[in-house]
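Structural overview
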Amino acid sequence: MEQATENLDRKRLGRWIGAGVVALSILLLLIVILQTDLHPRTDDASVRANLIEIVPEVSGRLVQLPVKDNDFVKKGDLLFAIDPRPYEYALKQALSDQEALEQQIIDEKRRIAAEHSAVEAAQAGVHNTRTGIKTAGSSVDVAKANVSRAKAAAVAAEAQLRFATNDLNRIEPLLQKQYVTVEQVDQSRTAVRVAQGNYDESEAALTQAQAEETQAVLRQQEADALAAESQAKLGQAIHTVDTVDTLMSERPAKAAKVDSARLDLERCRVVAPFDAYVTNMNISVGEYAHPGGPLFTLIDNRTWWVIANYRESKIKNIRIGSKVDVYLLGHPDRRFNGVVESIGYGVFPEDGKVAEGLPDIERTLNWVHLSSRFQVRIRVQDPDPVLFRIGATAVTVVR
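From a predicted model like this one, the values you see are computed outputs, not experimental measurements. (Residues numbered from 1 in each chain as written. Predicted model: local features only at pLDDT ≥ 70, side-chain atom pairs only at ≥ 80, totals over all residues. Heavy atoms only, no water.)

1. A word on the overall build of the protein
Assigned secondary structure in the protein consists of five helices and 14 strands. Within the structure as shown, the protein displays about 26,500 Å² of accessible surface, and the carbon and sulfur contribution to it stands at 54%. (Helix = DSSP H or I, 4+ residues; strand = E, 2+ residues; numbered from the N terminus. Areas by Shrake-Rupley, 256 points an atom, 1.4 Å probe, with all protein chains shown as cover.)

Next up, the structure:
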């Protein structure tokens, strides 16, 4: 009887223990579900970093290649160097062309200065000839006036000579009849000689005045000819005056060639733009580099991200700025701190095909509907450059 009672108690205890285990399991399951919902977790994540392909911008033979594949380089370290000699020659040629242009501009300015001096001299010559024309015209006017006065004097002298001659011819016959005295006759003869002298002098003065008038006219004609010649020289001098505008306009092109040649020479040496790892290198010294052809890749070591793919049902509990625990699959004992930078807004839809302008929906039904996953970009705040590698698997827990 006692044994039956003991067995019954054992059965009851077993039932209570079983019920307690089931209840505890359910409680733990609920806690896990709640924690998973409040703190989304995924192991569908990978490590990412920015990377760039190192591409030469000039062509040439590699003469220096101090880095190797998977090396760590710091900002400013030399990555490779291309034979600079062709670009040094090009720079020297561009500088020589620029200097030749400057010398040509200087020579042209000197020539133009001489041409301007010739123009000024021609303008002065024109001014002088115009003054000479005015002076010659005045001389002609004076000479004409002198001729007029000489003619008047000659006419007066001729009239006086005629009067004296007539008077002498009138009184000479009267001397024989002693109607006049010898003294009167001598006075008449003297008057005739004086009048003759005055007449001869006025005729000489008239001849001289006429000669001076002729010379004045000739000087005026000469002045007119000189004026025409000076005007022609002025026109020719003005026509030959040039400017340096054409040469000056070549300065920007020459300067651009110098800058381009100097830039190409600088591009012969390529340095690391940031701290990075070298990867995908398969070249050696002696390789001929071509512009646009990548030589190797640099992985930016400054910033690391984890791209985590979360189910769409978990996105609701993820916010930009949320703290994230990051674990690397290769080093699960290390926890890194991260922060959500962005949440993806699209993935390629499986039923997004379009046929003739209308959605193409297949008439099938999948009994198991898989939820879409959206990318969440997480920036790692304390990465270990030795442990982080692009493509490494990670586990993320959003807190």
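2. Considerations on the environment of Leu 387
Mapped onto the fold, Leu 387 is located in the loop between strand E13 (373-380) and strand E14 (393-398). Judged by relative accessible area, which is 16%, Leu 387 ranks as buried. In the structure, Leu 387 is positioned 57 residues away from Gly 330 in sequence and 8.5 Å away in space, judged by C-alpha atoms. Setting aside anything within four residues of it in sequence, one finds Leu 387 in contact with Leu 328, His 331, Arg 334 and Phe 336. (Buried < 20%, exposed > 50% of the residue type's maximum accessible area, 1.4 Å probe, protein only. Contact = heavy atoms within 4.5 Å.)

3. Re the sheet that holds strand E7 (residues 288-289)
Spatially, E5-E4-E2-E7 is the arrangement adopted by the four strands of the open sheet, whose pairing is antiparallel. Strands at the two margins of the open sheet, each flanked by one partner only, are strand E5 (269-271) and E7. Here strand E4 (residues 78-82) pairs with E5 via three bridges, running antiparallel. The residue of E5 that forms the bridge with Leu 78 is Val 271. (Pairing = 2+ DSSP bridges.)

4. Details of the pattern of salt bridges
A full pass over the atoms with the stated rule returns 13 salt bridges. As a salt-bridge pair, Glu 102 and Arg 251 come within 2.8 Å of each other at their nearest N and O atoms. With Glu 102 in helix H2 (residues 85-176) and Arg 251 in helix H5 (residues 251-266), the pair connects residues that are 149 residues apart, well separated along the chain. Judged by its relative accessible area of 24%, Glu 102 falls in the partly exposed class. Take Arg 251: its relative accessible area is 30%, and that puts it in the partly exposed class. Here Asp 325 ties to Arg 335 by a salt bridge, and the two come within 3.2 Å at their closest N and O atoms. Residue Asp 325 is found in strand E9 (residues 323-328), and its partner Arg 335 is found in strand E10 (residues 331-343); the two are separated by 10 residues along the sequence. The class for Arg 335 is partly exposed, based on a relative accessible area of 44%. Here the residues in one salt-bridge network are Glu 57, Asp 264 and Arg 267, joined through shared partners. (Salt bridge = Lys/Arg side-chain N within 4 Å of Asp/Glu carboxyl O.)

5. Observations concerning H5
Between its first and last C-alpha atoms H5 spans 22 Å; for 16 residues at 1.5 Å apiece the expected length is 22 Å, and the two agree. For H5, the full list of buried residues reads Lys 254, Val 258 and Ala 261. Each buried residue of H5 lies within a common arc of 65° when the element is viewed along its axis, so the set occupies one face. Residues of H5 that are exposed and point over 90 degrees away from its buried face: Pro 252 and Glu 266. (Expected span 1.5 Å × (residues − 1). Arc of directions from axis to C-beta.)

6. Examining unusual backbone geometry
A positive phi angle, close to 70°, is found at Asn 70, a residue other than glycine. One can find Asn 70 in the loop between strand E2 (60-64) and strand E3 (72-73). The residue Asn 280 is not glycine, and still its phi comes out positive at about 60°. With respect to the helices and strands, Asn 280 occurs in the loop between strand E6 (276-279) and E7.

7. With respect to a nonpolar patch on the surface
Side chains of Leu 13, Ile 17 and Val 21 sit close together on the surface and give an oily, nonpolar patch of about 280 Å² of accessible area. Take Val 21: its relative accessible area is 48%, and that puts it in the partly exposed class. (Patch = residues over 30% accessible without salt bridge, like charges linked within 9 Å, V, L, I, M, F, W, Y side chains within 5 Å.)

8. Observations concerning the packing of aromatic side chains
Counted under the stated rule, the structure contains four aromatic pairs. With a centroid separation of 6.3 Å and 90° between ring planes, the pair formed by Phe 80 and Phe 296 is classed as edge-to-face. Taken together, the positions of Phe 80 in strand E4 and Phe 296 in strand E8 (residues 296-311) put the pair 216 residues apart, joining distant regions of the chain. Through a chain of ring-to-ring contacts, three or more aromatic side chains come together here, namely Trp 304, Phe 336 and Phe 388. The cationic tip of Arg 377 hangs over the ring face of Trp 305; the distance from NZ or CZ to the ring centre is 4.3 Å. (Phe/Tyr/Trp six-rings, centres within 6.5 Å; stacked < 30°, edge-to-face > 60°. Lys NZ or Arg CZ within 6 Å of the ring centre and 35° of its normal.)

9. Quick word on the environment of Ala 276
Looking at the element boundaries, Ala 276 is found in strand E6. The buried category is assigned to Ala 276, whose relative accessible area is 0%. In the structure, Ala 276 is positioned 203 residues away from Val 73 in sequence and 5.5 Å away in space, judged by C-alpha atoms. Once residues lying within four places of it in the same chain are set aside, the contact partners of Ala 276 are Asp 71, Phe 72, Val 73, Leu 298, Ile 299, Asp 300 and Asn 301.

10. Structural notes on the side chain of Asp 83
Tracing the chain through its elements places Asp 83 in the loop between E4 and H2. Side chain to side chain, Asp 83 and Arg 85 meet in a polar contact 2.9 Å long. (Polar contact = N/O pair within 3.5 Å; in protein donor to acceptor, adjacent residues only side chain to side chain.)

11. So, the nonpolar core
Within the largest apolar cluster, 24 residues are counted, with the highest numbers of intra-cluster contacts made by Val 306, Ile 318, Val 376, Ile 378 and Phe 388. Of all the secondary structure elements, the ones that give two or more residues to this core are strand E1 (41-54), E8, E9, E10, E13 and E14. Setting aside anything within four residues of it in sequence, one finds Ile 318 in contact with Pro 40, Tyr 310, Val 340, Ile 343, Val 376 and Val 398. Among the nonpolar cores identified, the runner-up in size contains 22 residues, and Leu 62, Leu 65, Val 67 and Phe 274 belong to it. (Core = buried A, V, L, I, M, F, W, Y, C linked by side-chain atoms within 4.5 Å.)

12. Considering the pairing of E1
Within a regular strand, the side chains alternate between the two sheet faces. Here E1 runs beside E14; their pairing, made up of four bridges, is antiparallel. Bridge pairing links Thr 42 to Thr 396 in E14. As paired strands, E1 and E8 are joined by nine bridges and run antiparallel to one another. Across the sheet, the residue bridging to Leu 51 is Ile 299, located in E8.

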